[in-house]
Amino acid sequence: MPEISVIVPVYRAESFLRKCTDSILNQTFQDLELLLIDDGSPDHSGALCDQIAKEDPRVRVFHKDNGGVSSARNLGMTQANGQYFAFADSDDWLPPDALETLYTALTAAGADTAGGGHWRVEQDGRREAEPGALPQGVYGCEEIRKGIVDRLLGQRLGKPGEVLNGFVWRFLFSRSVIQNHGMHFLGAYLEDELFLLEYFCYANKLAMTDKAVYHYLQNPASVTRRYLPDYMQTFHTFMKAKEALAQRLELGRDQPLWRENSCWAGLLIAVGNEFAASNAAPLAEKRRRVRGICQLPEMASAIRQIHPEGLGRNKQIVADLIRRRQYLALSMLYGLKNRKG
C-alpha cells in the first residue's frame, strides 16, 4: 500500500494536466499513488488521464459524470489506499520535494497532519510566497483550535495574509481522521473551508513547515475567478452547512458575531462578483443587484453590527462604500479597476 494518495479532480484540464501530474510523479518522495478523477470533462482530459496511467503504474483513473470538485474529491477518498491524503488542482503543480517535506515534518513530530506555505503564481510567471496556516512548529489540539478553527469560523476579515484561506492542497491529511469521522467535501464553492474547519476539530497534532509546498496558479478560467451568477445561492448553502457544523461541534461560543463576520466576508466577494468584468449585465443592473444583496436580512445585520477596519486597501474602500450605501461610487470604483485590468 502506498503511504500517500494524491487526489486530483480533472475537468477541462488537457492543456495543463501534464505539468501537474509530472510534478507529482517526479516527487522525491516516491511511495505514493496518484488518483485522477475525470469529472465528466468534455475535452480530451479523460483520454489524457488514461494515457498518463499507462505510463506509470502508480496512477489510477476514475471516470464519472460531472458533479463538481467536491464529488470528485469524495470519490478519490473512497478509492485511495494511502495512509495520508494530499490534494492538488489540475492547473497547479508541486515543488519536487513537497511531499517529502510534509511527510518528514509529520513523522518527525509524531503528528497526524502536516502543512506548509505556497507560491502564488501569476499568468506571466511572477510568483509571491504566501505563509502557511501557522508558523513553523508543532501544535496540539488547543493551539489548532485557536490558530485554525476559530479563524476559519469567524475571523474572516483582515489584511491580506492575515485571513486564513481554506486551501486544502497545502496539507497532508490523515486517512484515519477522515474515515473515523465520516468526513466528505460538500458544495461547489468554499468547500475547502468547511472541510478544514471540521478536520481540524478532530486533528490531534499538526506539524507546520515554513517551506512552500505548492504552486497556486492564478487561472482566470477557474471557478474562483470567473463571474458566478448563482453565487448568493451558493453562499447561502455554504452558511447553512457552516451553521450546522458549528452547532454539531459546539463552535463559536467565544465568537458571538461569527455569522456576521462570515457574512461580511461573503458580501465583499458578492460585490466583487457582481461588478466582475465577465458579468455581461448592464452597470445599472449590477448596482441594483448589489443593493439588493446588501439589503438581505443577514447582510444588513452584518453591516449594522460590524464595521470592518484594517482590511487591505481595496477591500477597505469597498467596505466603507457599502456601509455608506454609495453604490454609484462602488460601480465607478470597479469600472476603473476593470479598465486597468
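So, a few notes on the structure that sits alongside this text. (Residues numbered from 1 in each chain as written. Predicted model: local features only at pLDDT ≥ 70, side-chain atom pairs only at ≥ 80, totals over all residues. Heavy atoms only, no water.)

**Concerning the pattern of salt bridges**
Where charged atoms of side chains with opposite charge meet at close range, the side chains can pair.
Phase 1: Applying the stated rule across the entire model yields 18 salt bridges.
Phase 2: Across the pair Arg120 and Glu130 runs a salt bridge, and its minimum N-O distance is 3.9 Å. Placement of the pair is Arg120 in strand β5 (residues 113-121) and Glu130 in strand β6 (residues 127-130), with a sequence separation of ten residues.
Phase 3: For Glu130, a relative accessible area of 23% gives the class partly exposed.
Phase 4: The partner of Arg248 in a salt bridge is Glu198, and the shortest N-O contact between them spans 3.1 Å. With Arg248 in helix α8 (residues 231-248) and Glu198 in helix α7 (residues 191-202), this pair connects stretches of sequence that are 50 residues apart.
Phase 5: A residue is classified by how much of its surface remains accessible, and Glu198, at 10% relative accessible area, is buried. (Salt bridge = Lys/Arg side-chain N within 4 Å of Asp/Glu carboxyl O. Helix = DSSP H or I, 4+ residues; strand = E, 2+ residues; numbered from the N terminus. Buried < 20%, exposed > 50% of the residue type's maximum accessible area, 1.4 Å probe, protein only.)

**Considerations on the side chain of Glu193**
Phase 1: Here Glu193 lies in helix α7.
Phase 2: Taking the relative accessible area as the measure of exposure, Glu193 reaches 9% and is therefore buried.
Phase 3: Contact partners of Glu193, with chain neighbours within four places excluded, come to Leu152, Arg156, Gly166, Phe238 and Lys242. (Contact = heavy atoms within 4.5 Å.)

**Things to note about the nonpolar core**
A general feature of soluble globular proteins is that nonpolar side chains tend to end up buried together.
Phase 1: Formed by 72 residues in total, the largest nonpolar core has its most connected members in Phe173, Phe200, Ile322 and Leu330.
Phase 2: Listed in part, the 36 residues of the second largest apolar core include Val8, Val10, Leu34 and Cys49. (Core = buried A, V, L, I, M, F, W, Y, C linked by side-chain atoms within 4.5 Å.)

**Looking at the pairing of β6**
Phase 1: Strand direction decides the pairing type here: β5 and β6, joined by four bridges, are antiparallel. What sits directly across from Arg120, in β6, is Glu128.
Phase 2: Between the antiparallel neighbours β5 and β6 lie five residues, among them Gly125 with a positive phi of about 100°. (Pairing = 2+ DSSP bridges.)

**Observations concerning the environment of Val138**
Phase 1: Note that Val138 resides in strand β7 (residues 137-139).
Phase 2: In sequence terms Val138 and Ala109 are 29 residues apart; their C-alpha atoms lie 6.9 Å from each other.
Phase 3: Look past the residues within four positions of Val138 in its chain and what remains in contact with it is Ala109, Glu143, Lys205 and Leu206.

**Section: the packing of aromatic side chains**
Phase 1: Applying the stated criterion to the full structure yields 19 aromatic pairs.
Phase 2: With 5.6 Å between their ring centres and 85° between their planes, Phe173 and Phe195 make a pair best called edge-to-face. Remark: Phe195 occurs in helix α7 and Phe173 occurs in strand β8 (residues 171-174); sequence separation between them is 22 residues. As far as burial versus exposure is concerned, Phe173 and Phe195 are alike and both buried.
Phase 3: Centroid distance Phe173 to Tyr199: 4.9 Å. Interplanar angle 90°. Geometry classified as edge-to-face. With Phe173 in strand β8 and Tyr199 in helix α7, this residue pair connects regions lying 26 residues apart in the sequence. With respect to burial, Phe173 and Tyr199 carry one shared label: buried.
Phase 4: In this arrangement the basic side chain of Lys19 is found over the ring face of Trp93, its NZ or CZ atom lying 3.7 Å from the centre. (Phe/Tyr/Trp six-rings, centres within 6.5 Å; stacked < 30°, edge-to-face > 60°. Lys NZ or Arg CZ within 6 Å of the ring centre and 35° of its normal.)

In short, the description is geometric, and any link to function would need to be established separately.
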